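Chain by chain, the residues run as shown.
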There are 2 protein chains.
Amino acid sequence: MEKYKVNKINRTLLKVTGLVFSVVLTACTTNPLAPDPLPSWSEGLSKQQIIEFVNSVTKTGGSDYVAPGRRIATFDNDGTLWSEKPKYFQLLFIIDRVKELAADHPEWANTQPFQAILENDMAALKASGMHGVLELAMATHAGMTTEEFEIIVNDWLATARHPGTGKPYNSMVYQPMLELLDYLRANEFKVFIVSGGGLEFMRPWTEAVYGIPPDQVVGSSIETRYEIRDGKPVLVRLPELHFIDDKETKPVAINRFIGQRPILAAGNSDGDFEMLKWTTSGEGKRLGIIVHHTDAGREWAYDRESSEGRLARGLDEADENGWLIVDMARDWQVIYPYELEK
Amino acid sequence: MEKYKVNKINRTLLKVTGLVFSVVLTACTTNPLAPDPLPSWSEGLSKQQIIEFVNSVTKTGGSDYVAPGRRIATFDNDGTLWSEKPKYFQLLFIIDRVKELAADHPEWANTQPFQAILENDMAALKASGMHGVLELAMATHAGMTTEEFEIIVNDWLATARHPGTGKPYNSMVYQPMLELLDYLRANEFKVFIVSGGGLEFMRPWTEAVYGIPPDQVVGSSIETRYEIRDGKPVLVRLPELHFIDDKETKPVAINRFIGQRPILAAGNSDGDFEMLKWTTSGEGKRLGIIVHHTDAGREWAYDRESSEGRLARGLDEADENGWLIVDMARDWQVIYPYELEK
């Protein structure tokens, strides 16, 4: 509760700041002294295109005007809002959980794909394929109540460290995207996550980190069942897949959870292709954004051949769809918020 | 778009009014001259209990204080926000649709349950059971794109009239509940619908009527599929059930769509029992509300024996759960908004 209070105060301050800022911005769109809404973005076409889009859909009386309640923006998470290397962070969570739970599961020592994890045999893990990953996901994500799982995720985030940076995983979010989220909210956009990641793996921390409340997080999920335990209702997480939110099911999930077509969508992989297509095919002005990982020095550089965040079709068809490709190395002056603390 | 603009302006005005009102209220909780937030509610224990609940969870520094981002309220729709007699309005929509589509389906003249509708044989319709209703739902709710279905629903609402009152269906909403929704929003609650009704049957009109935007509507749904038609993406509604949002699946849907346990829930039937139980079993102050249909003169009177909105367990166990039973005849001075226009 305490965390929520502080968080809420921060968000309220941010809202007020945003509102003031929004008013100032509206008054000064051509004023070079106006505060920069995207200070970590390099001056250039990417930043310019984003600001022009926001100005045009928020200009009252303009031909591109969109009413606030229709200003829906959807963001992928892995590789779009936070990093996804050397592996998707949720897979690293699974690996840590398997190691932690292994003492209670002596049979895992010689059962794949568990054995692969316990022996750090990444080739064997990869060979287990999608089926193997699902089996691991069920063994680590199901069998407890929703409230117990939330505690597990929070504990992991508080203690686990990224193998490359040594930082907590949820500090490896992109500063320029945090600024973009704030900028959109200051302009009365309602911002959602639409991710292939697990709903209940994201929700415990997205509000504190991104300012995105639980009901504005859409993702993959397993089944849950309502039960009475010790006279009190609980929701038990079951080892059954409910929904995978990826590729052509992203528009399906957007329709089911949000019920409106976004006017802005951002992703970084071909898993986001249909979400971007769905978004930018709507009537009126729209913006599709692809974050291109081009910075091997400060983050990672990958696209067509990567097993995380594979991006090929998105690159090939961005032009004909009018999508903005953000070149991380060129467009972002800062990658992670902690760089600003130096 | 025009509708949305006007609606948005109304909502903004309401928000501003609400904010001002909220400030006034906070300053004047004991001032008998403060504006009445629930003018259509009779003075009495029900109204008092609602106001006391809202005051206590919004009182900064109070022991029952709940931060705004955690002030989640969920409302059933049929029988809680609008009427559900002589049949659920969505079933009346289905009946109208079958009659309208019959010319293209000569085979329906001697195929149940379609024949029952075309011959106004309500006994045969009832005999077709849940299976029959599902078949009718699929024949009338699937086979078109999501955008086409939205137009169908809007057209029906614009032209269809309730057999008893002669009024448009979405004018038969409860004025006291509209006031409650506004009162909660003025106190920074985030208000959701959690209904057994169809997601896409409700979303076209809930924002204009209740001020509840599409992403805050949770309901039953069928499957949809992403397709490219004439070079543009569409979502096609398929004749396959995805989710029925009723009884013990209401907490499941709340967890999946909202991701937080509500602190207030309102329903009117045993289909809402688990939602109320889930809500009021949480820690801290909670409020569970059951609307009891007791007014045969102005609305309808029914509970234990009704096929719509059957309410038995809710009545039997309300006391031990501390739920508020709103007696429509006693507690509501006005039922429908149009009564105020007289």
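Just so you know, the residues in each chain are numbered from 1, in the order the chain's sequence is written. For naming, the first written chain is A and the first written ligand is 1, with later ones following in the order written. At least 70 in pLDDT is required for a residue's local features to be given in this predicted model, at least 80 for side-chain atom pairs to be given and counted, and no such filter applies to totals for whole chains, interfaces and linings, which use all residues. Computation of side-chain values: all heavy atoms of the structure, hydrogens and water removed.

Student: How do you make sense of a nonpolar patch on the surface when you look at a structure like this?
Tutor: All names here are of chain A. Patch membership requires more than 30% relative accessible area and the absence of a salt bridge. Residues of like charge join within 9 Å; the nonpolar side chains Val, Leu, Ile, Met, Phe, Trp and Tyr join within 5 Å. Computed by Shrake-Rupley with a 1.4 Å probe, the accessible areas treat only the displayed protein chains as cover when residues are assessed. Salt bridges are counted wherever a side-chain nitrogen of Lys or Arg sits within 4 Å of a carboxyl oxygen of Asp or Glu. A cluster of nonpolar side chains, Met130, Leu241 and Ile244, forms an exposed patch at the surface whose accessible area comes to about 270 Å². Position of Ile244 among the secondary structure elements: in the loop between β4 (232-243) and α10 (249-258). Categorising residues by exposure relies on relative accessible area from a 1.4 Å probe, with only protein chains included: less than 20% of the type maximum marks a residue as buried, more than 50% marks it as exposed, and the intermediate range marks it as partly exposed. With a relative accessible area of 34%, Ile244 lands in the partly exposed category. Numbering of helices and strands starts at the N terminus; helices are DSSP runs of H or I of at least 4 residues and strands are runs of E of at least 2.

Student: Explanation requested: the relation of the copies chain A and chain B in the structure shown.
Tutor: Two chain copies here: they are related by a rotation about an axis and a translation along the same axis. In superposing the copies, a least-squares fit is computed on C-alpha atoms, taking residues whose pLDDT is at least 70 in both. The two copies are related by a screw operation: chain A maps onto chain B through 180° of rotation and 0.0 Å of translation along the axis, at an RMSD of 0.0 Å. Taken together, the rotation and translation relating the two chain copies correspond to the operation of a two-fold axis. For chain A, the residue whose C-alpha comes nearest the rotation axis is Phe257 of chain A, separated from it by 3.3 Å. Both copies contact each other with a shared surface, as 98% of the interface residues of chain A are interface residues in chain B too. Throughout, a residue-residue contact means that at least one pair of heavy atoms, one from each residue, lies within 4.5 Å.

Student: Got a minute to help me understand the packing of aromatic side chains in this structure?
Tutor: Describing an aromatic ring pair means giving the distance of the ring centres and the angle of the ring planes. Centres within 6.5 Å make a pair out of two Phe, Tyr or Trp rings, where for Trp the six-membered ring is used; the pair is then stacked when the planes are under 30 degrees apart, edge-to-face when over 60, and tilted otherwise. Inspection of the entire model under this criterion finds 33 aromatic pairs over all chains. Both rings, one in Trp156 of chain A and one in Phe201 of chain A, keep their centres 5.9 Å apart while their planes meet at 50°; by these two values the pair is tilted. Residue Trp156 of chain A is located in helix α7 (residues 146-159), and its partner Phe201 of chain A is located in helix α9 (residues 199-210); the two are separated by 45 residues in the primary sequence. Both rings, one in Tyr336 of chain B and one in Tyr338 of chain B, keep their centres 5.2 Å apart while their planes meet at 25°; by these two values the pair is stacked. Note on Tyr338 of chain B: relative accessible area 13%, which makes it buried. Ring pairs connect the aromatic residues Trp82, Phe89, Phe93, Phe149, Trp156, Tyr169, Phe201, Trp205 and Tyr210 of chain A, which therefore count as one cluster. In this analysis the charged atom, NZ for Lys or CZ for Arg, is taken to sit over a ring once it is within 6 Å of the ring centre and within 35 degrees of the ring normal. Lying over the aromatic face of Tyr302 of chain B, Lys85 of chain B brings its terminal NZ or CZ to 4.5 Å of the ring centre. A cation sits over an aromatic face here: Arg261 of chain B above Trp278 of chain B, 3.6 Å from the ring centre.

Student: Help me understand helix α7 (residues 146-159) of chain B in this model?
Tutor: Owing to its 3.6 residues per turn, the α-helix aligns residues three or four sequence positions apart on the same side. Residue and element names in this part refer to chain B. Compared with the 20 Å implied by 1.5 Å per residue over 14 residues, the 20 Å span of α7 between its first and last C-alpha is a close match. Within α7, burial applies to Thr146, Phe149, Ile152, Val153, Trp156 and Leu157. Take α7 and look down its axis: the buried residues cluster within an arc of 130°, on one side only. Opposite the buried face of α7, at more than 90 degrees from it, the exposed residues are Ile151, Ala158 and Thr159. To estimate the expected span of a helix, subtract one from its residue number and multiply by 1.5 Å. Our arc is simply the arc of the directions from the helix axis toward the C-beta atoms.

Student: Whenever I open this one, the interface of chain A and chain B confuses me. Can you help?
Tutor: It is common to give the size of an interface as the accessible area lost on bringing the parts into contact. At the junction of the two partners, chain A supplies 44 residues and chain B supplies 43 residues. Remark: the boundary between chain A and chain B carries 8 salt bridges. A salt bridge links Glu147 of chain B to Arg261 of chain A; the shortest N-O distance between them is 2.9 Å. Counting only elements with at least two residues in the side of chain A that touches chain B, the list comes to α1 (2-27), α7, β2 (190-198), α9, β3 (217-229), β4, α10 and α11 (273-280) of chain A.

Student: What exactly am I supposed to notice about the sheet that holds strand β3 (residues 217-229) of chain B here?
Tutor: Strand pairing in a sheet takes place through backbone hydrogen bonds and is either antiparallel or parallel in direction. Spatially, 7 strands are ordered β4-β3-β2-β1-β5-β6-β7 (chain B) in an open sheet, and the strand pairing comes out mixed. Looking along the sheet, the strands with just one partner apiece sit at the ends: β4 (232-243) and β7 (324-327) of chain B. On average, each strand axis in the sheet is inclined to that of its neighbour by 30°, with strand direction left out of account. Sitting on the sheet, α11 of chain A is in contact with β3 and β4 of chain B, with an inclination near 115° to β4 of chain B. Comment: axis = line fitted to C-alpha atoms, over the contacting stretch for helices; angle = value between 0 and 180 degrees taken between N-to-C directions. Those strands touched by helix α6 (residues 129-141) of chain B are β3 and β4 of chain B, and its axis lies near 175° from that of β4 of chain B. Paired strands, in this sense, are two strands between which DSSP finds at least two bridges.

Student: It is not clear to me how helix α8 (residues 175-186) of chain A should be interpreted in this structure. Could you clarify?
Tutor: Residue and element names in this part refer to chain A. For α8, spanning 12 residues, the distance from its first C-alpha to its last is 16 Å, which sits close to the expected 16 Å at 1.5 Å a residue. Of all the 12 residues making up α8, 10 are buried; the element is thus mostly covered by neighbouring parts of the structure. Listed as buried for α8 are Gln175, Pro176, Met177, Leu178, Glu179, Leu180, Leu181, Tyr183, Leu184 and Ala186. Directly beyond the C-terminal end of α8, a positive phi value near 65° is found at Glu188.

Student: Mind showing me how you'd approach the pairing of β4 of chain B here?
Tutor: Each regular strand displays side chains that alternate between the two surfaces of the sheet. All names here are of chain B. Examined bridge by bridge, β3 and β4 share 8 bridges and lie antiparallel to one another. Within β4, the position partnered with Glu227 by the bridge is Val234. Where β3 folds back on β4, the antiparallel hairpin that results is connected by 2 residues, among which Asp230 adopts a positive phi of roughly 50°.

Student: Hey, could you run me through the pairing of strand β8 (residues 324-327) of chain A in this one?
Tutor: Residues and elements named next belong to chain A. Residues Leu324 and Val326 of β8 are buried on one face, while the alternating residues Ile325 and Asp327, pointing to the opposite face, are not. When strand β6 (residues 287-294) meets β8, the two strands line up parallel, connected through 4 bridges. Of the residues in β8, the one forming a bridge with Ile289 is Leu324.

Student: Just checking my understanding: could you explain the environment of Ile117 of chain A for this structure?
Tutor: One can find Ile117 of chain A in helix α4 (residues 114-118). Sequence-wise, Ile117 of chain A and Leu136 of chain A are 19 residues apart; in three dimensions their C-alpha atoms are separated by 9.8 Å.

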